[in-house]
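# Commentary on secondary and tertiary structure
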Amino acid sequence: MSPRTPSTTGAEAAASSASIFGADLPPDEARRLSEIIGRVRREYVEDISADRLLDEAARGMVASLDEHSAYLDRREYEDIRRGTAGSYPGIGIEVIAEGEAIKVLRPLDDSPASRAGILAGDEILRIDDAPVRADVAAAIEQMRGPVGSLVRLTLRREGSAELVDVALERTKVEVHSVSGMSLDRHHGYLRIANFSDTTAADFKGHVQELRKVSPELRGVIIDLRNNPGGVLEAAVAVADALLDSGNIVSATGRTADARFRLDARPGQLLEGVQVVVLVNEASASAAEILAGALKDHSRARLIGSRTFGKGSVQSVIPLGDGRALKLTTSRYATPAGTLINERGIEPDIEIAASAARLDFGQPQLDATVKTAQRELRQMWATRRRGDLPDTRTAETRRPRA
């Protein structure tokens, strides 16, 4: 989309709107749109440029389609590209809204935040002396900035009334969406915070590290809580690494590219190892694709609360001049044919969301992680008695709507 010079005549507005919204816009609709633009340009209490009006018209039109489609300006498009690329200029911190505040979930390894001593559980009160509200997107935008620039945070540490001021120099932060640790000699923990271009490689690297640290590995906990999704192909790659065969996800849409079926290939990264997946009401989209595939193939037990229920795929379609559309192009189904949009995925073992306090910084102290460890022990004992199938799987269920 290219900037337009302001126009006030119906003919100019019609030409401009037809250019923006497509050359095949019917004449009656082009006239209706141009009449609206012309009236606003002439009679609104403030002077509004035609470029801004067309931007907002596009934004409203696409947003009216569904809650996940959006018209992206240059900054929004760049944010999405940075979010999936694996690096960005900032301080390396993962945050969440909690009540009226922003809380630190964890500082990223080897980041300005971790080097400054910021801890999981810290509450961010001010950014550059400006009060912080429970707007995560705005807080993240404030903390990002040019490499080498400074940002000042005022924090309240958990369990203390004393405020902590820290100054951090922004740098290029390498985002690794997978973290993990050995819980004991038989069990490991892997958290996938979101799905980006680096997730599949990070996941395989952490599994290999777990194998080295725990050669007697029997069970792995994969934590998808608060995972909002991300790159579809990354979630499919992780599912493929855990399945030997069968469908991972299928999708329907209007165009040929929007209709697809993705299946697992032979070979399994954690063969012989039991898997439990943690989910909650903030596990969405690509996280639900992974959880649904593992559940439908009986490859993993799900523990937590019902997932968000976002069963659609958004394609980011570049436009002119640095803008883009994030447009819903497909609706997907799990291997069993279950459509999860606005339904979510029910866990095998439910833990009320209000009772599940997240502790990503110290997962060994997390109550839900402890529940998952107990479940893994029971699964191992049951398998040894021969009541559970081996971890090799095949697609046997009939699709259902």
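One can find the structure itself at the top, above this paragraph.
Orientation of helix 7 (residues 199-213) relative to helix 8 (residues 232-242), taken along the N-to-C sense of each, is 30°, at an axis distance of 8 Å. Considering the angle they form, helix 7 stands roughly parallel to helix 8. Contacts from T199, A200, F203 and K204 in helix 7 reach A234, A237, V238, A241 and L242 in helix 8.

Looking now at the side chain of S283. Positionally, S283 belongs in the loop between strand 15 (274-279) and helix 9 (286-296). Using a relative accessible area of 1% as the deciding quantity, one classes S283 as buried. In terms of polar contacts, S283 uses its side chain to reach the backbone carbonyl oxygen of L224, at 2.7 Å. Look past the residues within four positions of S283 in its chain and what remains in contact with it is L224, R225, N226, N227, E288, T307 and F308.

The next thing to look at is the nonpolar core. Core analysis: the biggest nonpolar cluster contains 42 residues, and I192, F195, F203, I222, L224, I248 and V277 have the highest contact counts within it. Listing elements by their share of this core, those giving two or more residues are strand 11 (187-192), helix 7, strand 12 (219-223), helix 8, strand 13 (247-252), strand 15 and helix 9. Apart from residues lying up to four places away in sequence, I192 is in contact with S177, V178, T199, F203, I222, D223, L224, N227, V238 and L290. The next biggest cluster of nonpolar side chains, apart from the first, holds 17 residues, and it includes I118, I127, V132 and L153.

For the rest of this paragraph, the subject is the sheet that holds strand 10 (residues 178-182). In space, the 6 strands of this open sheet follow the order 10-11-12-15-16-19, with mixed pairing throughout. Unpaired on one side and paired on the other, strand 10 and strand 19 (349-350) mark the two borders of the sheet. Bridging between strand 16 (residues 301-304) and strand 19 involves 2 bridges; their strand directions are parallel. Pairing of G304 across the sheet is with E350, part of strand 19. The strands touched by helix 10 (residues 367-384) within the sheet are strand 11, strand 12, strand 15, strand 16 and strand 19, with strand 15 carrying the most contacts at an inclination of about 150°.

Calculation notes
Residues numbered from 1 in each chain as written. Predicted model: local features only at pLDDT ≥ 70, side-chain atom pairs only at ≥ 80, totals over all residues. Heavy atoms only, no water. Axes fitted to C-alpha atoms, helices over the stretch in contact; angles between N-to-C directions. Helix = DSSP H or I, 4+ residues; strand = E, 2+ residues; numbered from the N terminus. Parallel < 35°, antiparallel > 145°, perpendicular 65-115°, else oblique. Contact = heavy atoms within 4.5 Å. Buried < 20%, exposed > 50% of the residue type's maximum accessible area, 1.4 Å probe, protein only. Polar contact = N/O pair within 3.5 Å; in protein donor to acceptor, adjacent residues only side chain to side chain. Core = buried A, V, L, I, M, F, W, Y, C linked by side-chain atoms within 4.5 Å. Pairing = 2+ DSSP bridges.

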